[in-house]
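Listed below, chain by chain, are the residues.
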Amino acid sequence: MIKKLGIPKEVKKDEGRVSLIPEHISQFTGIADIFIETSAGIGSGFSDEDYIKAGAKIVDTPEELYGISEIICKVKEPQSQEYDLLKPNHVLFGYLHLASNLQLTKKLLDKKLSAIATEMIMDNGVYPLLIPMSKIAGNLAIQKGMQFLEYSSGGKGILLSSISDSNNAKVTVVGCGEVGKSSIHKAISVGAKVTAIDINEEVLNILKSKYGELIEVCKTQTEEAIAAIRSADLVVGAVLIPGKKPPIVISNEDISAMAKGSVVVDVAIDQGGCVEGVNANTHSDPFEIRDGVLVSAIANLPGAVPKTSSIELSTGLQKYLNFLLEEDWLKGYKENKNLSPSLQIHNGLLLSQEVAESLSLSVSQLV
Ligand SMILES: NC(=O)c1ccc[n+]([C@@H]2O[C@H](COP(=O)([O-])OP(=O)(O)OC[C@H]3O[C@@H](n4cnc5c(N)ncnc54)[C@H](O)[C@@H]3O)[C@@H](O)[C@H]2O)c1
C-alpha cells in the first residue's frame, strides 16, 4: 500500500532547514505520496515549484499536512504549537533529543504515536544522521565564537586568527567527537592555540598524532583540563553520551574564573547542555552574559546554514526513510539492532532506557 509522507515547514525559531530536498523526492514516487507544506523549502533555497517538478504535492497549511500524512518527516523536534497537530496514526521521524525534553516526551506518549529519533539511528558503529550535522555544528561553534569575541558583541575584542606568532588566541574543546574534531580543525586552521579534552585517551592520542605541536591534549576533569578551560578565550563544549543528558564538564566556578569577554559555546545543549546552569539560546538572541563571560547554547546551530545542512541531511535520510516505507516497518525497526534504539516511543510506551533514565520515567519493552 502506498504510504503518505508529509514534510512540514519547520517552525523552530530561526530554523531554515527542510528534511528532504527536491532532488531526493523523485526516488519515492510510486512508493509514497509526498506532501510538503507550502514554502517549507524556501529557507534552503528550494521553491514550491521545485518540489512540484520533483513529484511532491503542495499543501497550504500545517493542519492539512498533518491531517493527510502518515509519516511526518521533520528536521527538529515538534514545537509546542505543533503538539495538537500530532495524531495516533503518525510515525514521527526527526531529531528529537528526548533526554532533555520531558514535556515533549510526555506529549508523544499521550498521543500514542510512533516516534523515531533520527540522531539515534546507527550504522556500522556510528550515527550517520548525527555526524553531518555535528560536523557543521563544530565549524559553526568556532565561527560564532569568533563573532562573539568581537568588541561590538561584548567579547574580549580579539581575533582568533593569528597575526603574529606571539599572539595566538586560546581555544579549548571539551568532547572531541564529530563536533569537537570539526571545531579543533577549524581553530587550528586559523592559527589558534588549541587544547583538546576528552574522557577517552585513544581519541586524544589520535588528535595528538594528527596535529603534533599544534595541539595540547588532556583527560577530562584533571587539573590541566580545568586550567585549560579557565584560561581559554573560547571554550567549545561538545560531549555526548548517546541518548542521555550529557555530564556537566564546564562548571559555574570555571565560568567565574574565566577572563571577562571570553566565550563559551555549549553545542551539547540539544541533549540538555554540558555547561552548568546553561539556558538555550537562539540564533537571533545567541548568548547570555554570566560573570562577564558570553555563554552561548544554540540547539539548532546547523539551522544557520540551511542550504548546506538540508542537502547533507536529506542525502543521509533517504536510506532510513526507505525502511519506513516498507509494509511492516515496525517489525523492521524492532528487529534491526541498528534501527531499534531510534524507535523511542510507540503506542504510549517509552522504549529508550537512556531517555527513561534521563527523565526519571519507566521504560517498556516492545513485544
Ligand atoms: N547544537 C547543535 O546544533 C548540535 C548539532 C549537532 C550535534 N550536537 C550535539 O553535540 C554533542 C556532541 O556530538 P558529537 O556528534 O560530536 O558526539 P560524539 O559521540 O562524536 O562525541 C562526543 C565526545 O564526547 C566525549 N565525552 C563523553 N563524556 C565526556 C566527558 N565527561 N568529558 C569529556 N569528553 C567526554 C566522548 O568520548 C566523545 O569523544 C551532542 O550532544 C550532539 O547532540 C548539537
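For every chain, the first residue of the written sequence is number 1, and numbering continues from 1 onward in sequence order. Local features in a predicted model are, by the rule used here, given only for residues with pLDDT of at least 70; side-chain atom pairs are given and counted only at 80 or more, and totals for whole chains, interfaces and linings are based on all residues. With hydrogens and water excluded, all non-hydrogen atoms of the structure serve as input to the side-chain values.

Asks: Go over helix α3 (residues 102-111), please, and point to the residues and values.
Replies: Looking at α3, one finds that the buried residues are Leu104, Thr105, Leu108, Leu109 and Lys111. Down the axis of α3, the buried side of the element spans an arc of 165°, and every buried residue falls inside it. Turned more than 90 degrees away from the buried face of α3 sit Gln103 and Asp110, all of them exposed. The inward-facing, buried residues of α3 contact β5 (91-94), β6 (114-117), β14 (343-346), β15 (349-350) and α11 (353-359). Each helix is a run of H or I in the DSSP string that is no shorter than four residues. Each strand is a run of E no shorter than two, and both are numbered from the N terminus. Taken from the residues just after α3, lysine 112 is the one with a positive phi, measuring 60°. Using a 1.4 Å probe on the protein chains alone, a residue whose accessible area is under 20% of its type maximum counts as buried, one over 50% counts as exposed, and one in between counts as partly exposed. Think of the arc as the fan of directions from the helix axis to the C-beta atoms. Contacts are assigned to residue pairs that have any heavy atoms within 4.5 Å of one another.

Asks: Any details on the pattern of salt bridges? Residues and values, ideally.
Replies: Any Lys or Arg side-chain nitrogen found within 4 Å of a carboxyl oxygen on Asp or Glu counts as a salt bridge. Enumeration over the complete set of coordinates arrives at 13 salt bridges. Across the pair glutamate 77 and lysine 76 runs a salt bridge whose closest N-O atoms are separated by 3.8 Å. On the basis of relative accessible area, lysine 76 is assigned to the buried category, the value being 4%. One network of salt bridges, with partners in common, ties together Glu10, Lys74 and Glu82.

Asks: Tell me about the sheet that holds strand β10 (residues 234-237), and please be specific about residues and values.
Replies: Spatial ordering of the open sheet is given by β9-β8-β7-β10-β11-β13-β12, a layout of 7 strands whose pairing is mixed. A single partner strand is all that each edge strand has here, and the edge strands are β9 (215-219) and β12 (288-290). The sheet shows a mean angle of 20° between the axes of neighbouring strands, direction not considered. DSSP calls a pair of strands paired once it identifies at least 2 bridges connecting them. Both β10 and strand β11 (residues 263-266) contribute to a ladder of 4 bridges, which runs parallel. Looking at β11, one finds that leucine 234 is bridged to valine 263. Only C-alpha atoms enter the line fits that serve as axes; for helices the fit covers just the stretch in contact. Angles between N-to-C directions range over 0 to 180 degrees. The strands that helix α4 (residues 131-148) touches are β7 (170-174), β10, β11 and β13 (293-296); relative to β10, the one it contacts most, it runs at about 150°.

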